[in-house]
Structure formats: structure tokens, C-alpha cells
Amino acid sequence: MEIIRSTVEMANWVDRLLVGGRTIGLVPTMGYFHAGHLSLMRLAAQEADQVVVSLFVNPIQFGPQEDLGRYPHDFERDARLAAEESVAVLFAPTVAEMYPAGFQSRLKIGALAEPLCGRQRPGHFEGVATVVAKLFNLVRPSVAVFGEKDFQQLAIIRQIVRDLNWRVRIVGHPIVREADGLAMSSRNVYLSPEERESALCLHEALELARKRVRDGCSAVRQLKDEIEQSIAGHGGVDVEYINFVDQYNLTDKSSVDRETVLAMAIRVGRTRLIDNGRLFEGA
Ligand code: PAF
């Protein structure tokens with residue numbers, strides 16, 4: 001596996017590969033790999049000839065009060081894990097490479113960036129979209145794989161690809177969970193044992209909503225009350241949002257149907273966690 005740190009070298013590597021008629025699968029990440037990231041790499045390897053993984057903690061998608069300064073990292077371990085997944089290139093640029101002095105452009109996103117995490121994290125999705133645009137331009141993948149845990153991010157990236165006619169296929173990978181249901185996240189490392197126990201409320205809420213929908217309850221107001229009560233039973237959890245939204249346009253639903261996604265964000269201590277899921281079997 002090659003480790004590339006400069007944008008020019010990355011673009012040159014891509015030039016050479018594309019001349020040979022081969023395809024690239026890109027997995028954009030911020031590192032500190034867990035089994036979820038490795039699944040994205042495996043899926044990319046099925047979808048393209050060569051896999052490029054980017055590892056870049058993108059400062060412009062973090063707000064001033066967020067965890068940019070303490071975002072977990074272990075480059076040696078990440079490089080070893082990526083190499084074991086037969087990744088061709090680990091692209092790990094510095095901040096100065098990606099945002100040289102004078103950098104000032106942002107991709108502006110419309111209504112999809114307003115609800116859910118967009119409301120809590122102003123500017124976040126512009127930052128994500130901007131770095132993803134740069135990565136797509138540098139790596140020119142035929143396919144890019146993203147995790148479905150960042151469900152709003154995925155919806156926004158799909159929208160931008162359509163809006164801007166990018167020639168890349170976006171593939172979502174289902175959420176990878178720990179044995180007890182906690183969605184894998186690099187940020188789980190922040191959790192104390194007690195906080196980790198409380199964080200299970202997210203998966204429990206999803207399971208509760210699915211059961212109630214199976215039992216015939218589709219009224220969002222009722223489901224939301226029950227989820228709030230269930231989460232309140234866990235110590236130290238602050239709810240940021242619990243929304244039942246349309247999976248495509250992210251608008252709120254009053255009644256659950258096959259297109260409905262339950263999307264949630266909570267804070268446990270200083271850690272912000274998100275989770276989501278569809279509520280009908282097989283939806
Ligand atoms: O999902 C992430 O890890 C990040 O938002 C991404 C897509 C790598 C952009 O920085």
C-alpha cells in the first residue's frame with residue numbers, strides 16, 4: 001500500500017491508473033478505523049479495481065466548540081489495518097495541503113442541510129461537501145462508499161452528485177454495530193463504561209420503534225413520546241433530536257411509512273452520538 005500525503009502526487013497516481021483503464025473506489029474517512037471502516041473498504045474493493053482510502057480530519061466541518069482538537073487518531077494502526085484490506089493508497093494529506101493559505105471556497109447546500117444535524121452543527125455539511133468535492137476531484141473515483149450511520153451526510157452527497165453531474169456512483173453501507181447494538185463510531189472511544197451503557201439507548205429506541213410499528217402503531221407523536229420515555233430511563237443522556245423523516249427529502253413525517261427513517265442524536269457526557277434506521281422490515 002502506498003501512503004500519499006500530497007495532492008499533486010495523489011492526482012498523478014490517479015492519472016497513471018486511469019490511463020490503464022482501471023477504476024477507483026474511494027472510501028473517505030477521518031481515520032481511527034473500526035470494523036465499520038473496514039467493511040467500507042471491502043465493499044469498495046468489490047465495486048472497483050483499486051481502492052483509495054482518504055484519511056483526513058477535516059477542520060472545516062467542525063464547529064468551534066466541537067472535538068476537532070481531540071479527535072482520536074492512530075496513524076500507524078490505521079495504515080496497518082488499511083494495508084491488510086488490500087487498499088492501494090492511503091491518502092493522508094496535511095491540512096495545509098488541502099487548505100493552503102488563501103483557500104476560501106465552500107459548497108453551499110440547500111434544504112437538506114437544514115434539519116437534524118444541520119440545525120445543531122451550522123456549517124458542518126458545507127464543510128463535508130467541500131472536502132468531499134476536493135477528494136472526488138483529486139481521486140476521480142468511479143464509486144465512493146459512505147456509511148449509512150451518517151444518514152443526512154449520505155443524502156446530501158447523493159444530492160450534490162445529481163445536482164453537479166459528478167460522474168461517481170455513491171454506495172451506502174449499512175450501519176455496523178457492536179454485539180450489543182451500539183453503532184460503531186470512532187467517537188465511541190470517548191465513552192466511559194457508564195456512558196457506553198447509556199449510549200445503548202439509541203439502539204433500544206430503534207428496536208422499540210420497530211416493535212411498535214410491527215404492532216400497528218404508525219403515529220409519530222405516540223412513537224416519539226415512547227422513545228423519549230425510554231431514553232429518559234438512561235442516566236446522563238441529553239437528546240438533541242429524535243425525528244421521523246422521509247429518507248429522501250428529510251422532511252418530518254406525522255405517520256410512519258416505508259420511506260420513514262428514525263434519526264436521532266444525543267449527547268452522553270461530552271460525546272455526541274447519532275444513529276438511525278428504517279422502521280419497516282426489509283424497507
Ligand atoms: O464521514 C466522515 O468521516 C466525514 O464526514 C467525511 C465524509 C470523511 C468527510 O470529512
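Scoring rules and cut-offs
Residues numbered from 1 in each chain as written. Predicted model: local features only at pLDDT ≥ 70, side-chain atom pairs only at ≥ 80, totals over all residues. Heavy atoms only, no water. Pairing = 2+ DSSP bridges. Helix = DSSP H or I, 4+ residues; strand = E, 2+ residues; numbered from the N terminus. Axes fitted to C-alpha atoms, helices over the stretch in contact; angles between N-to-C directions. Near = heavy atom within 4 Å. Polar contact = N/O pair within 3.5 Å; in protein donor to acceptor, adjacent residues only side chain to side chain. Areas by Shrake-Rupley, 256 points an atom, 1.4 Å probe, with all protein chains shown as cover. Nonpolar A, V, L, I, M, F, W, Y, C, P; charged D, E, K, R; others polar. Core = buried A, V, L, I, M, F, W, Y, C linked by side-chain atoms within 4.5 Å. Buried < 20%, exposed > 50% of the residue type's maximum accessible area, 1.4 Å probe, protein only. Contact = heavy atoms within 4.5 Å. Phe/Tyr/Trp six-rings, centres within 6.5 Å; stacked < 30°, edge-to-face > 60°. Lys NZ or Arg CZ within 6 Å of the ring centre and 35° of its normal.

(A) A look at the sheet that holds strand β4 (residues 89-91). Pairing is parallel in the open sheet, where 6 strands are placed in the order β1-β4-β3-β2-β5-β6. Looking at which strands have only one partner, the edges of the open sheet turn out to be β1 (2-4) and β6 (169-173). Averaged over all adjacent pairs, the angle separating strand axes in this sheet is 25 degrees, with direction ignored. Direction of pairing for strand β5 (residues 143-147) relative to β6: parallel, over a ladder of 5 bridges. In the strand pairing of β6, Val143 is matched with Arg169.

(B) Summary view of the site of the ligand. As a structural note, the neighbourhood of the ligand is formed by Pro28, Thr29, Met30, Asn58, Gln61, Val128, Val131, Phe146, Asp150 and Gln153. One of the side-chain N or O atoms of Gln61 is found 2.6 Å from an oxygen atom in the ligand. A distance of 2.7 Å separates an oxygen atom of the ligand from a polar side-chain atom of Gln153. The fraction of the free accessible surface of the ligand (290 Å²) that becomes covered by protein chains is 88%. When contributions to the shell around the ligand are tallied by element, the ones reaching two or more residues are β2 (24-29) and α6 (124-139). Of the residues that constitute the shell around the ligand, the class distribution is 5 nonpolar, 4 polar and 1 charged.

(C) Examining the sheet that holds strand β7 (residues 237-246) more closely. Taken together, the 3 strands give an open sheet; going across it, the order is β7-β8-β9, and neighbouring strands pair in antiparallel fashion. Among the strands making up the open sheet, the edge pair consists of β7 and β9 (271-278). Adjacent strand axes in the sheet meet at a mean angle of 15 degrees when their direction is disregarded.

(D) Region of interest: the nonpolar core. Grouped together as the largest cluster of nonpolar side chains are 49 residues, with contacts concentrated most on Met10, Trp13, Val52, Phe91, Phe136 and Ile170. Here this core takes 10 residues from α6, the largest share from any one element. Once residues lying within four places of it in the same chain are set aside, the contact partners of Ile170 are Phe136, Ala144, Phe146, Leu154, Ile157, Arg158 and Val161. Counting residues in hydrophobic clusters, the runner-up holds 25 residues, among them Leu191, Val237, Leu262 and Ile266.

(E) Broad picture of the packing of aromatic side chains. Considering all chains together, one arrives at 5 aromatic pairs under this definition. A centroid spacing of 6.0 Å and a plane angle of 50 degrees characterise the contact between Phe56 and Tyr99, whose relative ring orientation is tilted. Taken as a pair, Phe56 in the loop between β3 (50-55) and α3 (75-84) and Tyr99 in the loop between α4 (95-98) and α5 (116-120) lie far apart in primary sequence, 43 residues in all. An identical accessibility class is assigned to Phe56 and Tyr99; each is buried. Ring plane angle 75 degrees and centroid distance 5.3 Å describe the contact between Phe136 and Trp166, whose orientation is recorded as edge-to-face. Pair noted here: Phe136 is in helix α6 and Trp166 is in the loop between α7 (151-163) and β6, with a separation of 30 residues, a long-range link. Here Phe136 matches Trp166 in class, with each residue buried. Feature note: the residues Phe56, Tyr99 and Phe103 constitute an aromatic cluster, connected by ring pairs. Residue placement shows Arg5 over the ring face of Phe75; its charged tip is 4.5 Å from the ring centre. Here Arg70 stacks its cationic end above the ring of Tyr190, 4.2 Å away from the centre of that ring.

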